[in-house]
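In case you want the letters, here they are:
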Amino acid sequence: MTAKTNRNRTMDNRAPEPPRPAQRGGLLIATTAGFILLFMAFGAGSTKLLLAAAIGVFAGVALYHASFGFTSAWRRFVFEQRGSGLRAQIMLILITCAVTFPLIAAGGVFGRPVNGSVAPFGYAAALGAFMFGIGMQLGGSCASGTLFTAGGGNTRMLATLGGFIAGSVIATAHLPYWWSLPALPSFSLVDAYGAAPAYAITALVLGGLYLFSRQRELRHHGELEDRPDRVNLIRGPWPKSWGCVALAIVSIATLLVLSRPWGITSAFMLWGAKIAQAGGVSFETWPYWQNRLAWLNQSIFSDSTSLMNFGIIIGAFAAASVAGRFAPTFRLPVRDLLIAICGGLLMGYGARLAYGCNIGAYLGGVISGSLHGWGWLVFGFMGSWLGGMLMLRTSQAQSK
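Residues numbered from 1 in each chain as written. Predicted model: local features only at pLDDT ≥ 70, side-chain atom pairs only at ≥ 80, totals over all residues. Heavy atoms only, no water.

1. As for helix α11 (residues 195-221)
When the terminal C-alpha atoms of α11 are compared, their 38 Å separation across 27 residues agrees well with the 39 Å that a helix rising 1.5 Å per residue should span. Turning to α11, its buried residues number three or more, namely A195, A198, T202, L206, S213, R216 and E217. Positive phi appears at G222, one or two residues downstream of α11, with a value of about 80 degrees. (Helix = DSSP H or I, 4+ residues; strand = E, 2+ residues; numbered from the N terminus. Expected span 1.5 Å × (residues − 1). Buried < 20%, exposed > 50% of the residue type's maximum accessible area, 1.4 Å probe, protein only.)

Put into structure tokens, the structure is as follows:
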């Protein structure tokens, strides 16, 4: 037995799990669903929508194989002093910014416009990010994580997703009030200083956080966490470094195809509103929806964010089937389901106040050079810490 295997046994307290056979039935269903999604996107009459669906499928595969999420990475950094997930997020941002900052500064490429996500940041956005941070720990995942883990067979995430959708719609009833609260004006590093200085500032801040995370982990554990023993491009798992490169490609491709950064949660709001509308709710008198009724009444397959989200679920389903790990469990404690729903409600409501989630507001904001992305990070992380403490105490009380 090698020294590396011995070390991994010590860290994990178990030997690496042997590969499982691929689940052909699941892969067939996922492939069929993928072709249907691409057909529906093509039927909407736009190459842009077809590409968005394809990007989503690729994102789902990458997210699943790399287990790339924000929730567990932040929780492990705080409570276990392990920073590999946080450092992967930093590398994702730095790789993406190296491309997006020049594109945004130029205003486009090959005749296609490219626009960053720049928004003000004030009381409402800070509260929304804080609520989202709590919710992601209660719900067990972030926005992208909810999609890929649900697609991978985690049935608890369906409860989180349901709460997420409901919270997104409920928030639209109150947004005029929240948006009336004081806020700092929109500010973009790229617009203010140019692409190169903006990247230098971003790299300086994130580089310092990267080194702090690395030294903190070494101080507490004596060594950095190893990459997986078994790495396979098709079947997974992937190292976090592969995941951050793949998701940087997703972020850049989305910006080029859709002329805006990657987003997730606006689709949840749309889905929830359509469900509520089918149940008899009229949105004509809701101030938020009065200028968005055409969007609400169009086909869901005409919405690029919805197509990407469906693609993430299908891609994760396919990846789980190839890895032989699609095994949903439907016997879940009611208490766990209620906590998941509450987490989803907080994330859904918070995302609307904060201009999006960890992808749309945090990642999308930072790679646009926007101040609101950094504000989201600070308050989202604070909320995540509180949510992690709540879950830790809940777990301790349950074990007594």
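After presenting the structure, the write-up continues.
2. Structural notes on the environment of M136
Its place among the elements puts M136 in helix α6 (residues 123-139). Counting along the chain gives 45 residues from M136 to M91, while the straight-line C-alpha distance between them is 22 Å. When residues no more than four places from it in sequence are discounted, the contact partners of M136 are F70, T71, W74, S141, C142 and M347. (Contact = heavy atoms within 4.5 Å.)

3. Comments concerning the packing of helix α3 (residues 47-66) against helix α12 (residues 240-258)
The angle between the axes and the distance between the axes are what describe a pair of packed helices. Axis separation between α3 and α12 bottoms out at 9 Å; the angle between their running directions is 165 degrees. Considering their axes alone, α3 and α12 lie roughly antiparallel with respect to each other. Here α3 runs over α12; the crossing is left-handed. Facing K48, L51, A52, I55, F58, A59, A62, L63 and A66 of α3, the residues of α12 in contact are K240, G243, A246, L247, I249, V250, A253, T254, V257 and L258. (Axes fitted to C-alpha atoms, helices over the stretch in contact; angles between N-to-C directions. Parallel < 35°, antiparallel > 145°, perpendicular 65-115°, else oblique. Left-handed = near helix turned anticlockwise from the far one by under 90°.)

4. Considerations on the confidence of the model for the chain
Any residue range with low pLDDT should be treated as having predicted coordinates unsuitable for detailed reading. Considering every residue of the chain, the mean pLDDT works out to 91; 95% of them sit at 70 or more. Within the chain, the lowest mean pLDDT, 38, falls on helix α1 (residues 3-12), and the highest, 97, falls on α6. Predicted confidence for residues 1-15 stays below pLDDT 50, and this span has 17 contacts to residues more than four positions away or in other chains. (pLDDT = per-residue confidence, 0-100.)

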